[in-house]
Amino acid sequence: MKPQTELFISASAQGVTALLWLLETFLDSYLQTEYLTMYVLILEDDELIGDLLETVVAGAYPGAIIRLYTLVQSAISSWQKHPADLVVVDWNLPDGSGLELIRAVRQTTSDVPVLMISGRADRDSILAAAHLGISGYVSKPFQVEVLHQRLTELVPVQTVRDSGANTLDEKMEAACNSAIQLPGQIDTAAVLALMEKCDELDANGLAEQWKKEPALSAKMLDVANNASFRRSGTPVKTVREAISVIGVAMALNQALALSLDIAGKLACSRLAERAHLEQEQALRVADSARALAQRVGDNPAIYYTAGLLSRAGELAALKVLQNQCDQSGEPPEIEQIDSAIAYWAEKLGNRIKVQWRLPLDLRELIGAVYFVSRSNVSQSKLVMRAAALLAADQADGSECRTLLRRLGIEHREESRDGTRKS
């Protein structure tokens, strides 16, 4: 290759790199000024914790730009190019210490809040971080509620500048392009992460993880003491016993159901009532799918999970509607709620499935709740679609009758939950 050609290629490569840098800088600036008003920088190398941090931050500050980094140097580079309004930093990273990022931040400003989240809880470590000027310290493992409270103490929601997304459609669109946190009593993503390790869990381990979750403990005891689970007539008194009675898979599904129960967290009564109805419908689909799966000889756990998650998009839409209500001070009309759910639920549902990293087979089962082609021969998808129709009291419809026949189940024997009629 001629020297002139090599020089030209080198110069071209440098030009492309510079152009990409300018484009990224422009997009950051454009998004910050035109659409979103708060920028949060997170440094955390643990994938699951990073996802959880991103979700909690998004829940605390809807519409914020959130950048998650796993390496110290990448985070420092991002800070130097575009300083954030809030920094959340881990201590131990693969390429160094999070203290390096804190130093870089404090060399620039003393005003930006810096929250350190670390497994180091000893006095010397906390003092070392405090010496660098951190604004708060949260020890791992942390509770979602505690972290949310610490964040809003550092940067109160009312002090965040009003977002450029003022209309409901703009807020919905912004939600489709950011992390979504449902305001349940426990975090859905955390429960799904446990589900991925279901085979490794036992009653003791699960009870230990949930010992600081009073709502979850009450839920386990209530389900275990339900008449359908009683065997000896003696009430269950501990969470470990409860999980042993109902099984780890069912315990995880009950935790998932609790995380999706957001009605009590929505201030607007219309939205709370709609959330309750959506949750009830999801539970009906889950119960029906579980019963049908047992009838055809499949493991019912994943079917129940798919049913529970089948209204996630609708719940996300209701959460955005509540944000709009909080901002405007005016409750949405029922027609507006119906319209928003009809248009946005599917898009938000797809976004949240990606965010929660649901496996493909689970996503397909959720999708089958709404549609299955006539040429489909997948028994699992036929089960989910039939379950949805049974839950909607459409057992006498031609589609449901056909699906049940293809599954080898006589339509006349079915009730809404998929069980045999007496």
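Residues numbered from 1 in each chain as written. Predicted model: local features only at pLDDT ≥ 70, side-chain atom pairs only at ≥ 80, totals over all residues. Heavy atoms only, no water.

1. Some points on the packing of helix α8 (residues 188-196) against helix α12 (residues 248-259)
Then, in step 1: For the pair α8 and α12, the least separation of the axes is 9 Å and the interaxial angle reads 165 degrees. As judged from the angle between their axes, α8 and α12 are roughly antiparallel. The handedness of the crossing between α8 and α12 comes out as left-handed. On α12, the residues touching Thr-188, Val-191, Leu-192, Leu-194 and Met-195 of α8 are Leu-252, Asn-253, Ala-255, Leu-256 and Ser-259.
Then, in step 2: Among the residues making up the contact of α8 with α12, the classes are represented as 7 nonpolar, 3 polar and no charged. (Axes fitted to C-alpha atoms, helices over the stretch in contact; angles between N-to-C directions. Helix = DSSP H or I, 4+ residues; strand = E, 2+ residues; numbered from the N terminus. Parallel < 35°, antiparallel > 145°, perpendicular 65-115°, else oblique. Left-handed = near helix turned anticlockwise from the far one by under 90°. Contact = heavy atoms within 4.5 Å. Nonpolar A, V, L, I, M, F, W, Y, C, P; charged D, E, K, R; others polar.)

2. Some words on the sheet that holds strand β3 (residues 86-89)
Strand pairing in a sheet relies on backbone hydrogen bonds, with the paired strands running either antiparallel or parallel.
Then, in step 1: Pairing within the open sheet is parallel, and its 5 strands lie in the order β2-β1-β3-β6-β7. The sheet is open, and its two borders are formed by β2 (65-69) and β7 (136-139), each paired with just one other strand. Taking each pair of neighbouring strands and ignoring which way they run, the sheet shows an average axis angle of 15 degrees.
Then, in step 2: Where strand β1 (residues 39-43) meets β2, 5 bridges bridge the pair, whose relative direction is parallel. Each bridged residue has a counterpart across the sheet, and for Val-40 the counterpart in β2 is Ile-66.
Then, in step 3: Seen against the sheet, helix α6 (residues 144-154) touches β3, β6 (114-118) and β7 and runs at an angle of roughly 160 degrees to β6. (Pairing = 2+ DSSP bridges.)

3. Structural notes on the pairing of β7
Then, in step 1: Where β6 meets β7, 4 bridges bridge the pair, whose relative direction is parallel. Of the residues in β7, the one forming a bridge with Ile-117 is Val-138.
Then, in step 2: Each parallel crossover has a hand, and for β6 linked through helix α5 (residues 123-131) to β7 it is right-handed. (Right-handed = clockwise from strand over helix to strand, strands pointing away.)

4. A short note on the nonpolar core
General note: in soluble globular proteins, nonpolar side chains tend to be found buried as a group.
Then, in step 1: Trp-210 and Ile-243 are the most contacted members of the largest nonpolar core, which has 90 residues in total.
Then, in step 2: If you tally residues by element for this core, the top one is helix α18 (residues 379-391), at 9 residues.
Then, in step 3: Aside from chain neighbours lying at most four places away, what touches Ile-243 is Ala-203, Leu-206, Ala-207, Trp-210, Met-220, Val-248 and Ala-251.
Then, in step 4: Counting residues in hydrophobic clusters, the runner-up holds 25 residues, among them Ile-76, Trp-79, Ala-104 and Ala-129. (Core = buried A, V, L, I, M, F, W, Y, C linked by side-chain atoms within 4.5 Å. Buried < 20%, exposed > 50% of the residue type's maximum accessible area, 1.4 Å probe, protein only.)

5. Observations concerning helix α14 (residues 301-309)
Then, in step 1: When you tally the buried positions in α14, you get 7 out of 9 residues, the bulk of the element.
Then, in step 2: Turning to α14, its buried residues are Tyr-303, Tyr-304, Thr-305, Ala-306, Gly-307, Leu-308 and Leu-309.
Then, in step 3: Of the surrounding elements, those touching the buried residues of α14 are α8, α12, α13 (269-295), α15 (312-328), α17 (360-368) and α18.

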